[in-house]
Amino acid sequence: MSEDHSHSHPHADPAGPDEPAMLTDYQLMEGAVRELLVEKGILTHAAIREAVEAMDARTPAQGARVVARAWVDPAYKARLLENGTAACEELGISMGPTHLVVVENTPEVHNVIVCTLCSCYPRMLLGLPPDWYKSKPYRSRVVREPRAVLHEFGTEIADNVTVRVHDSTADMRYLVLPRRPAGTDVLDEAALAALITRDSLIGVALPRTP
Amino acid sequence: MIAWQHRDTADMRGYHDIGGLAGGAVERGEHDYALWEKRVDALLVLLSEAGLVRVDELRRGIETLGADAYDKLSYYERWISAITRVLIEKGVIGIDELGRNMETLKARWNDPATGEAKP
């Protein structure tokens with residue numbers, strides 16, 4: 001039996017995203033599998049709830065914090081590019097079972113990340129991926145016509161800049177290190193982090209300018 | 001370049017293996033994940049830590065759903081289908097008890113008297 005009594009009755013509180021009027025077969029499957037695993041002592045409701053909460057707590061702010069540190073601390077940036085996993089751990093962010101490779105944007109190279117086969121994403125740094133990252137058009141096209149895809153995001157990369165697309169795997173995730181915008185010399189680390197969007201860490205956009 | 005051009009014949013690819021193929025515009029819409037979707041994600045994280053459903057097993061499950069189901073199912077529908085299949089294959093759960101539990105949950109959901117105790 002579910003421990004979760006936090007939601008109101010569906011008839012009292014009509015369908016929100018978590019409160020569909022009818023459960024689909026797959027929602028039933030999730031509930032049934034979850035309850036069987038708990039009944040068998042393999043998982044606990046508390047552990048499942050904690051895992052959901054831990055994932056909810058992961059947001060692009062973590063990725064932004066890593067990049068802002070790299071922008072203000074050249075030694076940290078060098079370590080981040082050398083070993084992304086270890087550099088994130090310095091800031092208390094675990095990559096879990098995955099390895100992180102950070103790819104740096106320069107005046108010559110603009111980087112973009114994708115997972116053509118599935119949906120691998122630096123979720124420990126950015127949270128769960130947006131729907132479009134997992135969509136067929138993005139996965140299929142960005143490796144072949146990245147400039148056209150970036151154009152759809154409103155991002156134009158000059159012809160003399162190489163666009164490099166990195167295809168993630170289950171074990172190896174990429175994060176883009178965007179270029180620090182001009183005119184930000186006076187900003188502190190927190191103000192810099194506020195310029196760093198999720199999409200700029202995927203590489204489909206550039207950071208905000210102050 | 002040569003490699004993917006060579007592989008570009010559709011019959012040599014799995015249906016999930018779409019890198020480099022043509023496609024429509026990227027639809028930028030996003031949805032907030034529903035609780036049941038987050039729970040599917042959590043199940044995989046915990047089952048993976050427990051060594052019961054590893055990520056490569058999840059991938060195999062998804063990549064053998066069949067092209068039709070792969071296209072029709074939503075992201076976490078694919079995941080729960082694959083997770084469930086691996087758990088059944090390994091004998092962690094039985095298909096009969098799964099079916100019974102799904103029926104019980106459905107009945108509980110539809111019954112106003114017990115609607116509070118929904119999944």
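In what follows, the structure referred to is the one given above.
Only a predicted model underlies this, so the values are computations on that prediction, with no experimental measurement involved.

*Asks:* Help me get a handle on the overall build of chain A, residues and values and all.
*Replies:* When its secondary structure is counted, chain A shows 10 helices and four strands. When its helices and strands are written in sequence order, chain A yields α-α-α-α-α-β-β-α-α-α-β-β-α-α. Buried residues in chain A amount to 51% of all 210 residues. Put simply, 66% of the contacts in chain A that link residues at least 6 apart link residues at least 24 apart.

*Asks:* Help me get a handle on the overall build of chain B, residues and values and all.
*Replies:* Looking only at helices and strands, chain B has six helices and zero strands in total. The order of α-helices and β-strands along chain B, N terminus first, is α-α-α-α-α-α. In chain B, which comprises 119 residues, the proportion classed as buried is 45%. If you take every contact in chain B between residues at least 6 apart in sequence, the share linking residues at least 24 apart comes to 54%.

*Asks:* I'd like a description of the interface of chain B and chain A, backed by residues and values.
*Replies:* Taken residue by residue, the interface counts 63 residues in chain B and 64 residues in chain A. Summed over both sides, the interface of chain B with chain A buries roughly 5900 Å², with 62% coming from carbon and sulfur. When the buried surface of chain B facing chain A is broken down by residue, Val26, Arg39 and Trp109 of chain B rank first, second and third, together holding 11% of it. Linking chain B with chain A are six salt bridges, by the criterion used here. Where chain B packs against chain A, one counts 18 residue pairs in polar contact (both at pLDDT 80 or more). Elements supplying a minimum of two residues to the side of chain B that touches chain A: helix H2 (35-49), helix H3 (55-63), helix H4 (67-72), helix H5 (75-89) and helix H6 (95-110) of chain B. Looking at the side of chain B that touches chain A residue by residue, the classes come out as 35 nonpolar, 12 polar and 16 charged.

*Asks:* Please set out the layout of surface pockets residue by residue, giving values where relevant.
*Replies:* Taken as a whole, the largest pocket encloses approximately 660 Å³ of empty space. Lining the largest pocket are 30 residues, with Pro97 and Arg123 of chain A together with Leu44, Val45 and Val55 of chain B sitting closest to its centre. Looking at which element gives the most residues to the lining of the largest pocket, the answer is H2 of chain B, with seven residues. Class assignment of the residues belonging to the lining of the largest pocket gives a composition of 19 nonpolar, four polar and seven charged.

*Asks:* Describe the environment of Val109 of chain A, naming the residues involved and giving the relevant values.
*Replies:* All names here are of chain A. Secondary-structure assignment places Val109 in strand E2 (residues 109-114). Exposure remark for Val109: the relative accessible area of 12% places this residue in the buried category. Put simply, Val109 and Ile157 are 48 residues apart on the chain and 9.5 Å apart in space, counted from C-alpha to C-alpha. Excluding residues that lie within four positions of it along the chain, Val109 makes contacts with Glu104, Val161, Thr162 and Arg164.

*Asks:* Please give an account of the environment of Arg208 of chain A that cites residues and values.
*Replies:* All names here are of chain A. With respect to the helices, strands and loops of the structure, Arg208 is situated in the segment after helix H10 (198-202). For Arg208, a relative accessible area of 47% corresponds to the partly exposed category. As for Arg208 and Ala194, which are separated by 14 residues in sequence, their C-alpha atoms are 8.3 Å apart. Ignoring sequence-local partners within four residues, the contact set of Arg208 consists of Pro181, Ala194, Leu195 and Thr197.

*Asks:* I'd like a description of the pattern of salt bridges, backed by residues and values.
*Replies:* All names here are of chain A. Counting across every chain of the model gives 19 salt bridges over all chains. Close ionic contact of Glu104 with Lys77 constitutes a salt bridge, the shortest N to O distance being 2.5 Å. Of this pair, Glu104 sits in strand E1 (residues 99-104) while Lys77 sits in helix H4 (residues 74-82); the two residues are 27 residues apart in sequence, bridging distant segments of the chain. On the basis of relative accessibility, which here comes to 27%, the residue Glu104 falls in the partly exposed class.

*Asks:* Give me the lowdown on the pairing of E2 of chain A, citing residues and values where you can.
*Replies:* The buried fraction of E2 of chain A is high, at six of six residues. Going residue by residue along E2 of chain A, you find Val109, Asn111 and Ile113 of chain A tucked away on one face and His110, Val112 and Val114 of chain A tucked away on the opposite face as well.

*Asks:* With reference to specific residues and values, describe the environment of Lys77 of chain A.
*Replies:* Residues and elements named next belong to chain A. For Lys77, a relative accessible area of 26% puts it in the partly exposed group. A C-alpha to C-alpha distance of 9.6 Å links Lys77 and Glu104, two positions 27 residues apart in sequence. When residues no more than four places from it in sequence are discounted, the contact partners of Lys77 are Ala70, Glu104 and Leu177.

*Asks:* Would you mind going over the side chain of His166 of chain A in detail, with residue names and values included?
*Replies:* All names here are of chain A. By the secondary structure assignment, His166 is in strand E3 (residues 162-167). A residue is classified by how much of its surface remains accessible, and His166, at 12% relative accessible area, is buried. Separated by 2.7 Å, the side chains of His166 and Asn111 make a polar contact. Setting aside anything within four residues of it in sequence, one finds His166 in contact with Val103, Asn111, Val112, Ile113, Val114 and Tyr174.

*Asks:* Any details on the nonpolar core? Residues and values, ideally.
*Replies:* In this structure, Leu125, Tyr138 and Ile202 of chain A are the most contacted members of the largest nonpolar core, which totals 48 residues. Of the residues forming this core, the biggest block, six residues, is contributed by helix H3 (residues 60-72) of chain A. Beyond its immediate sequence surroundings of up to four residues, Leu125 of chain A is in contact with Thr59, Pro60, Gln62, Gly63, Val66, Cys88, Ile93, Met95, Leu100 and Leu175 of chain A. Listed in part, the 41 residues of the second largest apolar core include Leu43 and Ala51 of chain A together with Val53 and Tyr76 of chain B.

Criteria and thresholds
Residues numbered from 1 in each chain as written. Chains lettered and ligands numbered in written order. Predicted model: local features only at pLDDT ≥ 70, side-chain atom pairs only at ≥ 80, totals over all residues. Heavy atoms only, no water. Helix = DSSP H or I, 4+ residues; strand = E, 2+ residues; numbered from the N terminus. Buried < 20%, exposed > 50% of the residue type's maximum accessible area, 1.4 Å probe, protein only. Contact = heavy atoms within 4.5 Å. Buried area = accessible area lost by both parts, 1.4 Å probe. Salt bridge = Lys/Arg side-chain N within 4 Å of Asp/Glu carboxyl O. Polar contact = N/O pair within 3.5 Å; in protein donor to acceptor, adjacent residues only side chain to side chain. Nonpolar A, V, L, I, M, F, W, Y, C, P; charged D, E, K, R; others polar. 1 Å grid on protein atoms, 1.4 Å probe; cavity = no way out; pocket = protein on both sides within 12 Å on 5 of 7 lines; lining within 4 Å. Points joined across faces, edges and corners; volume = space filled by probe spheres on them. Core = buried A, V, L, I, M, F, W, Y, C linked by side-chain atoms within 4.5 Å.

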